[in-house]
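Chain and residue survey
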Amino acid sequence: MKKIDKKIADAYFHARVRLIAILLLFWFVVSFGMVLFAEALAQYTLNGFPLHYFMGAQGSIVVFIILLFVNAYISDRIDQKYGLVEKRVKATKGQTLQS
Amino acid sequence: MDTQFLVSLLLIVASFGLYIGIAVFNRARQTSEFFVAGRGVPAIYNGMAIGADWMSAASFIGLAGTVMVLGYDGLAYIMGWTGGYLLLTFLLAPQLRKYGRYTVPEFIGDRFQSKTALVIAAIATIIISFTYSIGQLAGSGVVIGRLFEVDAKIGVMIGVVIIAIYATFGGMKGITWTQVAQYIILILAYLIPVIFMSLQITNNPIPWLSYGNVVSELGELDRELGISEYFAPFESASKWQFIALMFSLMAGTAGLPHVIVRFYTVSTMKAARWSGAWALLFIGLLYLSAPAYAAFSRFILMKQVAGSPIDSLPAWTDKWVNTGLLTMADTSGDGILQWKEIAISNDIVVMATPEIADLGVFVIGLVAAGAMAAALSTAGGLLIAISSSFSHDIYYRIINPRATERKRMSVARWSILIATIVAGVVALNPPGVITQIVAWAFALASGTFFPALILGVWWKRANAPGVIAGMIVGLLVTLTYIFLAKYGGFTILGIIDTGAGIFGATSAILTNVIVSLSTKPPSQKLQDEVMDLRYPEQLTFKDGEVWKDDRVI
């Protein structure tokens, strides 16, 4: 165990929270946003679909999946930047060791 | 005994032989392995297991039919059941993994240091998981019942026996690898008919690209008939109901104990993030295909079935008309079956369409095997959640803290067995249609666990009285709204029973915050534990300082 500067730990935390906030903004726009403006979107067509239908049936889901992978990838980069690459889990609080 | 029966039976038996074989092979030895598979499952397989747990009878059997019947409004289920994974993976899963407890109630009990909160959470887990598993067992009964052409009740009994055997003896480890196999069979069973129909109708083997034109053609057919277009928004319910339902399904996803417990099976916070991403990719494959399935089914029914003479309908119609879930009556008396004269139940669309489109005995049998996998795999995850709640949270922590590992193991197995049988008995005569029961389970999860977990992880000031009051209020508001909307005709902004979770979650969050702030803050130790969740696995927050553990194990 060694002590690390709390400022660095907090910078790490804020970087993660900022990432999550940005990703959830996209999430909100493609789900709730698209539903709120469904009638207006219905005038446009994409690949044969009325646009509101496309967003509900395909667009939003594809964006959700991309956002999750972006989160996993960028979070790994943040971990690396702060030198916090996780190796194996340590045994604490009822966790079980895996060899 | 026709060929179809033999092929379907063979495929179901072969797939179940595979699942049970894997479960027996991995038979759990120790309690910790039994509950969370020793926390060593790689992210990609864990993603598949989450997918199999997730895609229940409601998703596999009911979803495409719901989209077909409701049109655009049915897409609330598609967006809600996928979008919830972002809330879960971003806001809860990594933190809950780091906290390192076996079950959700245990997390709530320790985070708030309150046995009362633990017991309420354990009871809520049991109520939610039990309600949900009734739907699954009822779904398996329909499939088995149709297959053997016996009453669905006998089908339920057969399903109960199968699930009880592998859940009791395999534990979660058996189930994790069993679920991976189930996911693969389930997704193949779903995609193959969609791809075949896409080829049949559009000559394009990629349904996701080809069905857009089918959707607009359906709109044209509807205009000719003078009914509202297939894709017209908010025809069956208000826009607020769409939003409330979508929210309720999303928040419920983030709060469902049997899904969250899967994130305990990975070894690090990093693995929890990747598990969530893989899970949605695997789940998304089915959810992207369901609206295509719906569009093709409706197209075939409108173009090939509607308009035929009433006395020369194809052979499959009789079989489904006999189930009572399909009616075709020539009410206009012109000798021709019109589209408006066909009444098809949501629940048979996925099962019946391969027959209607004449995709062959193998594809029809595969869909039956997939439907069984969907119903029983979810039931397996739910029954484990019930069993953990009872044996670990109620029995070991409250009733008998000195119980030996052997004794706890035996309580866990007995509680799975008893829960399976009781759920089976209720499923013999289900209290509502499957999709309805499942939506209620989600509403209850969004009214109880979602607020408790979000505030527990992200707000260190949240305390025991707050969470206890919040869970109770959320549970009562959700239940009351479901009953008032369903039986009392009371609605707000056109939001019906399935959207009740939005009121439950709002009132639970408000109650939790108000009660927490007006009572004294949690101890410094508890607040430190919440601070600790901000940092990754190898950092520890203690007395205002952050420590790093460089040991590699």
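As the structure is a prediction and not an experimental result, all values here were calculated from the model. (Residues numbered from 1 in each chain as written. Chains lettered and ligands numbered in written order. Predicted model: local features only at pLDDT ≥ 70, side-chain atom pairs only at ≥ 80, totals over all residues.)

1. Comments concerning helix α19 (residues 501–518) of chain B
All names here are of chain B. Spanning 18 residues, α19 covers 25 Å between terminal C-alpha atoms, matching the ideal 26 Å at 1.5 Å per step. Within α19, the full set of buried residues consists of Gly501, Ile502, Phe503, Gly504, Ala505, Ala508, Thr511, Asn512 and Ser516. Contact partners of the buried residues in α19: α10 (239–255), α17 (434–458) and α18 (464–488). (Helix = DSSP H or I, 4+ residues; strand = E, 2+ residues; numbered from the N terminus. Expected span 1.5 Å × (residues − 1). Buried ≥ 20, exposed ≤ 12 C-beta atoms within 10 Å, placed from the backbone. Contact = placed C-beta atoms within 7 Å.)

2. Thoughts on the environment of Leu218(B)
Residue and element names in this part refer to chain B. Here Leu218 is to be found in helix α9 (residues 207–225). Taking the C-alpha atoms as reference points, Leu218 and Ala295, 77 residues apart in sequence, are found 7.9 Å from one another. For Leu218, the contacting residues outside a window of four places in its chain are Tyr230, Ala295, Arg298 and Phe299.

3. Brief notes about the interface of chain B and chain A
Across the boundary between the two partners, chain B contributes 57 residues, which contact 52 residues of chain A. Secondary structure elements with two or more residues in the side of chain B that touches chain A: α5 (75–99), α9, α10, α12 (269–305) and β4 (545–548) of chain B. Ranked by the residues each element gives to the side of chain B that touches chain A, the list is headed by α12(B), at twelve residues. Taken together, the residues that form the side of chain B that touches chain A break down as 30 nonpolar, 15 polar and twelve charged. Bridge count for strand β1 (residues 2–4) of chain A against β4(B) is three bridges, and the pairing is antiparallel. Residue Ile4(A) lies in a different strand from β4(B), and its bridge partner there is Val546(B). (Nonpolar A, V, L, I, M, F, W, Y, C, P; charged D, E, K, R; others polar. Pairing = 2+ DSSP bridges.)

4. Some remarks on the packing of helix α1 (residues 6–36) of chain A against α5(B)
Closest axis-to-axis distance for the α1(A)/α5(B) pair is 11 Å, and the angle between their directions is 170°. With respect to their mutual orientation, α1(A) and α5(B) come out roughly antiparallel. Residues Ile20(A), Leu23(A), Leu24(A), Trp27(A) and Ser31(A) of α1(A) form the contact with α5(B), whose own contacting residues are Met79(B), Gly83(B), Leu86(B) and Phe90(B). Across the contact of α1(A) with α5(B), the residue classes tally to seven nonpolar, two polar and no charged. (Axes fitted to C-alpha atoms, helices over the stretch in contact; angles between N-to-C directions. Parallel < 35°, antiparallel > 145°, perpendicular 65-115°, else oblique.)

5. A closer look at the nonpolar core
Ranked by internal contacts, the top residues of the largest apolar core, which has 201 residues, are Phe64(A), Ile78(B), Leu186(B), Met246(B), Phe296(B) and Ala371(B). In terms of residues, this core owes the most to one element, α12(B), which gives 20 residues. Look past the residues within four positions of Ile78(B) in its chain and what remains in contact with it is Gly56(A), Ala57(A), Ile61(A), Val67(B), Tyr287(B), Ala290(B) and Pro291(B). Counting six residues, the second-largest nonpolar core is a separate cluster that includes Ala9(A), Leu84(A), Tyr535(B) and Leu539(B). (Core = buried A, V, L, I, M, F, W, Y, C linked by C-beta atoms within 7 Å.)

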